[in-house]
Amino acid sequence: MPLASLSALSPKQLGRRVLTSGGVYPLVRARALRGDPVTVLMYHTLGADNETFDAWTVVRRSDFVAQISLLRRDYDIVSLDEATAHVRDAAPPGRPKAVITFDDGHTGLHRYLFPMLEELQLPVTIYVATGHIASGRPYWFDRVMNALQVSRPAKLHLADHGLPGFTIEAGSGEERWQALRGLLEALKRLEPGRREAAADAVVAQLASCRRTDFEPLEPLTKEQLLALAQSRWVTLGAHTDCHSLLDQIPPDVAQASMERSAHLLREWTGRAVHHFAYPNGNHNRELMARAQAAGFATALTTEKGLWRRTDSQFAVARIPVGRYDDLTRFKFNLLAGQWRH
Ligand SMILES: [Zn+2]
């Protein structure tokens, strides 16, 4: 890159460019991978390349393929069971290991990921929140995400729900997503009963300006889930039945929801379920003990980092990947373990 264009970059962008350029990157990467950690990537769902649904959780199909191909230059992509054995048995280090995970269980996984698995020979783990599969109704977060795809700016009045007003801009892109996060985080802070009502209010208030030219976030049907479960490339993981933020509900209820999702997945697909991911990553010591008591071998969080031998297998860190991550940022994020320990 010529110097003139480098000067147009922000300090953060410049740092990222330098870190991911030829000379420095291998050194930083070697340091990140010291001790042979496993790199676990966290996705949510995939969308068509021309899909206009604009949310961090929907990664374009072609971006995903490019990320997998970049990853494979340096990493072996393995199943979560293989990675668990690798961490547990302190196997002799070879090429670094990576695991691909998807949270929630959206239809995009059946439409875009499933047809590619065999060709890419790609092991993946899909964490399924069973409640929205059983009901066919998206969880509050996805209902709100669908509602936020608007054709013109709109104002939300949420004082009745103890929230400030929000202006929802039309358009797309990372800046808009960052602006919307204020609303999403405010909703997450509400107590669960109030949150459902507030989410319904958002959906109702935005109904008149909602776009119709996009594929909304919807849960997998049971048939789609069964097709995925029958693939030799897919590991199913539990993600609770309720998809509540588990540190906001009684631990007994949280554990029952963990167990119910594993039980239903086994009942629907005939496959045993050994792995778990905390909804939104929310966990604490008590919940880690509950995940162990529920019989899982691992429990994954959304904390950013690499999975090291010294970590509890009930608080495994991951590296999030979203719609707005270009390949430079993707590569930069793979170094996340650097700053965690
Ligand atoms: Zn989730």
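Residues numbered from 1 in each chain as written. Predicted model: local features only at pLDDT ≥ 70, side-chain atom pairs only at ≥ 80, totals over all residues. Heavy atoms only, no water.

The secondary structure content of the protein amounts to 14 helices and 12 strands. Against the globule reference of 20 Å for 341 residues, the protein gives a C-alpha radius of gyration of 20 Å, in line with a compact fold. Structurally, the protein occupies a C-alpha span of about 60 × 55 × 40 Å along its principal axes. Every one of the 341 residues in the protein was classed for burial, and the buried ones make up 55%. (Helix = DSSP H or I, 4+ residues; strand = E, 2+ residues; numbered from the N terminus. Rg over C-alpha atoms; globule rule 2.2 N^0.38 Å. Buried < 20%, exposed > 50% of the residue type's maximum accessible area, 1.4 Å probe, protein only.)

With that settled, the discussion passes to the environment of D63. Considering the arrangement of structural elements, one finds D63 in helix α4 (residues 61-74). Given the relative accessible area of 27%, D63 is considered partly exposed. It is 22 Å that separates the C-alpha atoms of D63 and N146, two residues lying 83 residues apart in sequence.

Here the protein is partitioned into domain 1 (10-137 + 217-339) and domain 2 (140-209). Spacing between the C-alpha centres of domain 1 and domain 2 amounts to 26 Å. Each side of the interface is counted separately: domain 1 has 14 residues, and domain 2 has 16 residues. Note on domain 1 versus domain 2: buried area summed over both sides is about 1,400 Å², and carbon and sulfur give 48% of it. Our count for the contact surface shared by domain 1 and domain 2 stands at 2 salt bridges. For R137, the salt bridge is made with D200, and the minimal N-O distance between the two is 3.7 Å. If you look at where domain 1 meets domain 2, you find 8 residue pairs in polar contact (both at pLDDT 80 or more). Each residue belonging to the side of domain 1 that touches domain 2 can be placed in one class, and the counts come to 7 nonpolar, 4 polar and 3 charged. (Domains from an automatic or database assignment. Contact = heavy atoms within 4.5 Å. Buried area = accessible area lost by both parts, 1.4 Å probe. Salt bridge = Lys/Arg side-chain N within 4 Å of Asp/Glu carboxyl O. Polar contact = N/O pair within 3.5 Å; in protein donor to acceptor, adjacent residues only side chain to side chain. Nonpolar A, V, L, I, M, F, W, Y, C, P; charged D, E, K, R; others polar.)

It is worth spelling out unusual backbone geometry at this point. Despite not being glycine, D36 shows a phi value in the positive range, around 60°. Within the secondary structure, D36 sits in the loop between α3 (24-32) and β1 (38-43). One non-glycine residue, Q121, adopts positive backbone phi at about 50°. Here Q121 is to be found in the loop between α6 (107-120) and β6 (124-128). On the basis of relative accessible area, Q121 is assigned to the partly exposed category, the value being 42%.

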